[in-house]
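Residue strings, one per chain:
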Amino acid sequence: MLLSCLTPLAGLAWLAGTALQLQQAALWSSACGWGLLAGASVLFVVATAVLVRLELTAAAVRPGAVHTGRSACGIAGLLGAGLAAAVLGWAQTELRAQARVAERLAPELERAELEVVGIVADLPVRRADGVRLRLAVETARRPGQPASVEVPDLLALGWFIDAGSGPGDEPLFDPRRLKAGERWRLTVRLSAPHGLFNPGSFDQELRWFEQGVGATGTVRARLRPPERLHPAAGYALQRLRQDIRDAIQARLGDSRAAGVVAALCVGDQAGIAREDWELFRATGISHLVAISGVHLTMLAWLAGALVRRAWPCGRRLALSLPAPHAARLAGVLVAMGYAMLAGWGVPAQRTVFMIGVAAVLPWIGLRWPWPLTLLTAAWVVVLLDPWALLQPGFWLSFVAVGLLMLQGRPAARPAEAAGDLANGRFNPEPSAPRWRRPFDGLRRVGLEGVRTQAVATVGLAPLSLLFFHQVALLGFLANLVAIPLVTLLITPLALLGVLLPPLWSVAAALVELQASLLGQLASLPLASWQPPAAPAWAQGVALLGTLLLLLPAPWALRFAGLPFLLPLLWPVVVRPEAGEFTVLGADVGQGQAVLVQTHGHVLLYDSGGRYSSDSDAGERVLVPLLRHLGLTALDMLVLSHRDTDHVGGAGALLANLGVAELRSSLEAGHPLRQPGRTHTSCLAGQRWQWDGVDFDILHPTPRDYERHAAGYLRPNGVSCVLRIGNGRRSVLLTGDIEQPQELDLVQRAAADLRADVLLVPHHGSRTSSDELFLRAVAPRWGLVQAGHHNRYGHPATEVVERLVMHRIEVVRTDFCGAWHWQSASARPWCQRDQDRRYWHAPMRGDGLELASSAFNLSPR
């Protein structure tokens, strides 16, 4: 009895210890990790020995007799084993994390030019302006020096078409022709991994850490032409995947379906258009485009069914290995082969391990209950990849399987039913005519599929809200159409197309049909719902309510779970009090975007920049940020001027959110000033009030517009300058104005310039932040929105020194992440500091902390 409790207790404790380690902001010492690992191992062995001894001597106790000492020893042994398992999970994750942190780029190599030789380790991600690739480094050195330097084993690089040019300004090499497995000599500039950091944003630094990427950078082809040393130096599986992907693209051309077919065949999702991703998310079928557990399980069951039917035909085979064991082995091998062809991603690994555990246990004679089987699979996944616990796919996969098993059905019941069909086992009613039996089998598959989808849709809705802040209200209907179409037709056709390429065209036609059907569903009112993010306590309560709803219990008990969902479905949105306002300086890289909220209104000042031809700050940062905060509309979008790093994300905002008014200095005819859209040109003297908070436009003047139209003033000179205040606190947003405009403001509106927070003009460029201007504003905080290691060198060193000399606390979004400030408390905080984990780039005191010591200053 005691030993039967040991396995689930140890598994749960291991997972809990790993989860606890993932919450750390900083790692412990290596000696501490090794010490805890050794101590916990000894404790686990001792506790297990105690439990074994008690189990062996239990037969000596008379039935019904109570032995208090032995019971106490058993409880102590279980507690000791659980504690030891938790510490083991924590310690092994800690040591592996320490090893990965140690592999990161050394600080002295930051931004240095290096010559590296390495192999393209994965499928290059092609973009209109170049590629992104993973390079497995073999050697590295400084150019012109024979001595090697230590760099991380795996690099994430960007190689852009305009990075180098030959005679006639023609590219020396189009990087989009790059292939996996090639060995190259490249000149690169590297940085430690560093991503954008905003509330509710995707954690790119975690993904790099999990994948083992120790540095990011760009290929510097202008310094030295890249040199391909070998066309096939390694990574044969990746070369095969790329050959298949290239063949699909050659067959299907620029078809929308090409990216989906490639994703289902080789796991390459980079070719799927942004509009298609939006459609998949809105209809709740994104899981089908990835190599999901549904695909792998279906293939495993079909392979097992076919092998089980064919195996007895070979007498020697049947004598050497029973047909059920052969069928299970075939299912695991097929699933593993497909997962490897698809890139061996974390979701595919999870499914393969789950199928493997389910297949191995009966083979060795163990008949564990389903919760223990599921727990074992989860433990195997976390043992191999501790950071999988932080991936939404981990929880969606295991919770979905657990919910289906909780309902009293095997998790892969539709696939099992399909296997029965393939094997000729229809299980019809005894009195059913022979002609009806196939239809009875198909009806059973259909009913099981509908039931499975209903359970999964209801059960996973809270997790979808938790991870994605979105629920596809029509996801049930969409999946009823998409699951059979993708799993039974499109995916098999995509895989068979490797042997018969014309089948890819058939699969593409079905993808287009599916997109048409999903588009009609997505166009319906209330197709999806996006409530604001709920606090942690509401998330836990909602998960408990979902469990009650899906329990195989009386409906009265199930309905008791409905009230538990309310805090998650309708969370309270925190708004400033009347007369107060909040400021959020978003981390958008090299660009500007400041969100201002009053009690009942929302204003966004600038929209960040454009990162590539198919990505911008609006789509990647601002729309998810606003939805995370529960904001589905803007009362006003202010675009300071036309530069791309200020208006690059405006298109995505206007397309995805309601914008009541657009105010800018954009000239007539600009694409963002479309007919029918309310637009007001910024002009000094404009003033309005929201909820007791005053908004004043201080710049530009009519004369500035005239000089700009005549070509005497750059777009920076007509930036909209906005002051926001409530009589006690104020903020000055300046765009990209330069010293002439700053001095003009001092002369015209010196009394209106004073502010607590200054958005440092022009990202801290040396052409801005004049002494007289800083003296007139006299802010306490100076916010610099600039990209990490940006090519412009913003903020300039002399500007930072000037700000510090005026006792202004400098805040940089590239070090701070999103910056939060409230007029009610005037206590700012950084997102990177609030949500810091050990895999994140460290914050740097590049403002007041470093400069004040150099100038012997102290904060005000």
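Residues numbered from 1 in each chain as written. Predicted model: local features only at pLDDT ≥ 70, side-chain atom pairs only at ≥ 80, totals over all residues. Heavy atoms only, no water.

J.: I'd like to hear about the sheet that holds strand 10 (residues 582-585), residue by residue, with values.
T.: Read from one edge of the open sheet, 8 strands run 19-18-16-12-11-10-27-28, paired in mixed fashion. Either end of the sheet is taken by a strand with one partner, and the two such strands are strand 19 (679-681) and strand 28 (829-830). For strand 18 (residues 662-664) and strand 19, the ladder comprises 3 bridges, and the chain directions are parallel. Looking at strand 19, one finds that Ser 664 is bridged to Ser 681. (Pairing = 2+ DSSP bridges. Helix = DSSP H or I, 4+ residues; strand = E, 2+ residues; numbered from the N terminus.)

J.: Can you break down helix 17 (residues 475-496) residue by residue, with the values?
T.: At Val 486, helix 17 is bent by approximately 45°, the largest bend along its length. Listing the buried residues of helix 17 in full gives Gly 475, Ala 478, Asn 479, Ala 482, Leu 485, Val 486, Thr 487, Ile 490, Thr 491, Leu 493 and Ala 494. (Bend = angle between axes of the 7 residues up to and from the residue. Buried < 20%, exposed > 50% of the residue type's maximum accessible area, 1.4 Å probe, protein only.)

J.: Tell me about the state of the cysteines, and please be specific about residues and values.
T.: The tally for this structure, following the rule as stated, stands at 2 disulfides. Residue Cys 682 pairs covalently with Cys 720 via a disulfide, S to S 2.2 Å. Between Cys 682 and Cys 720, the S-S dihedral sits near 100°, and the bridge is therefore right-handed. One end of the pair, Cys 682, is in the loop between strand 19 and strand 20 (687-690); the other, Cys 720, is in the loop between helix 25 (702-709) and strand 22 (721-725), and 38 residues separate them in sequence. Exposure remark for Cys 720: the relative accessible area of 0% places this residue in the buried category. Linked covalently through their sulfurs, Cys 816 and Cys 830 form a disulfide whose S-S length is 2.0 Å. Handedness of the Cys 816-Cys 830 disulfide follows from its S-S torsion of about -110°: it is left-handed. Of this pair, Cys 816 sits in helix 29 (residues 813-816) while Cys 830 sits in strand 28, placing them 14 residues apart in sequence. The class of Cys 816 is buried, set by a relative accessible area of 2%. Once the bonded cysteines of the protein are numbered in order along the sequence, the disulfide links fall as 1-2, 3-4. (Disulfide = S-S within 2.5 Å.)

J.: Please give an account of helix 11 (residues 323-341) that cites residues and values.
T.: The terminal C-alpha atoms of helix 11, which comprises 19 residues, lie 27 Å apart, in line with the 27 Å expected from a rise of 1.5 Å per residue. Those residues of helix 11 that fall on the buried side of the exposure criterion are Ala 323, His 325, Ala 326, Ala 327, Ala 330, Gly 331, Val 332, Ala 335, Tyr 338, Ala 339 and Leu 341. Following helix 11 by one or two positions, Gly 343 adopts a phi angle in the positive range, close to 100°. (Expected span 1.5 Å × (residues − 1).)

J.: Pulling in residues and values, what's your account of the pattern of salt bridges?
T.: Enumeration over the complete set of coordinates arrives at 27 salt bridges. Close ionic contact of Glu 115 with Arg 141 constitutes a salt bridge, the shortest N to O distance being 2.7 Å. Taken together, the residues Glu 115 in strand 1 (residues 113-120) and Arg 141 in strand 3 (residues 130-141) connect sequence positions 26 residues apart. Using a relative accessible area of 5% as the deciding quantity, one classes Glu 115 as buried. The exposure class of Arg 141 is partly exposed, given its relative accessible area of 26%. (Salt bridge = Lys/Arg side-chain N within 4 Å of Asp/Glu carboxyl O.)

J.: I'd like a rundown of the environment of Gln 592, residues and numbers included.
T.: Inspection of the secondary structure puts Gln 592 in the loop between strand 10 and strand 11 (594-597). Sequence spacing of Gln 592 and Ala 617 is 25 residues, and the spatial spacing of their C-alpha atoms is 9.6 Å. Contact partners of Gln 592, with chain neighbours within four places excluded, come to Tyr 605, Asp 606, Ser 607, Gly 608, Asp 645, His 646, Gly 735, Asp 736, Leu 759, Val 760, His 763 and Gln 785. (Contact = heavy atoms within 4.5 Å.)

J.: Explain the pairing of strand 26 (residues 809-812) to me, using residue names and the numbers behind them.
T.: A regular strand places its side chains on the two faces of the sheet in alternate fashion. Summarising the sheet, strand 25 (residues 781-784) and strand 26 pair through 4 bridges and their orientation is parallel. Looking at the pairing, Leu 783 lines up with Val 811 of strand 26. Assessed by its sense of winding, the connection that carries the chain from strand 25 through helix 28 (residues 797-805) to strand 26 is right-handed. (Right-handed = clockwise from strand over helix to strand, strands pointing away.)

J.: Tell me about the side chain of His 763, and name the residues and values.
T.: In this structure, His 763 sits in the loop between strand 24 (757-759) and helix 27 (771-777). Among residues more than four places away in sequence, those in contact with His 763 are Gln 590, Gly 591, Gln 592, Asp 645, His 646, Asp 736, Val 784, Gln 785, His 794 and Pro 795.

J.: Any details on unusual backbone geometry? Residues and values, ideally.
T.: Of the consecutive residues His 699 and Pro 700, the connecting peptide bond is found in the cis state with omega at 10°. Take Pro 700: it is sitting in the loop between strand 21 (693-699) and helix 25. Cis rather than trans, the peptide bond between His 794 and Pro 795 has omega equal to -10°. Within the fold, Pro 795 resides in the loop between strand 25 and helix 28.

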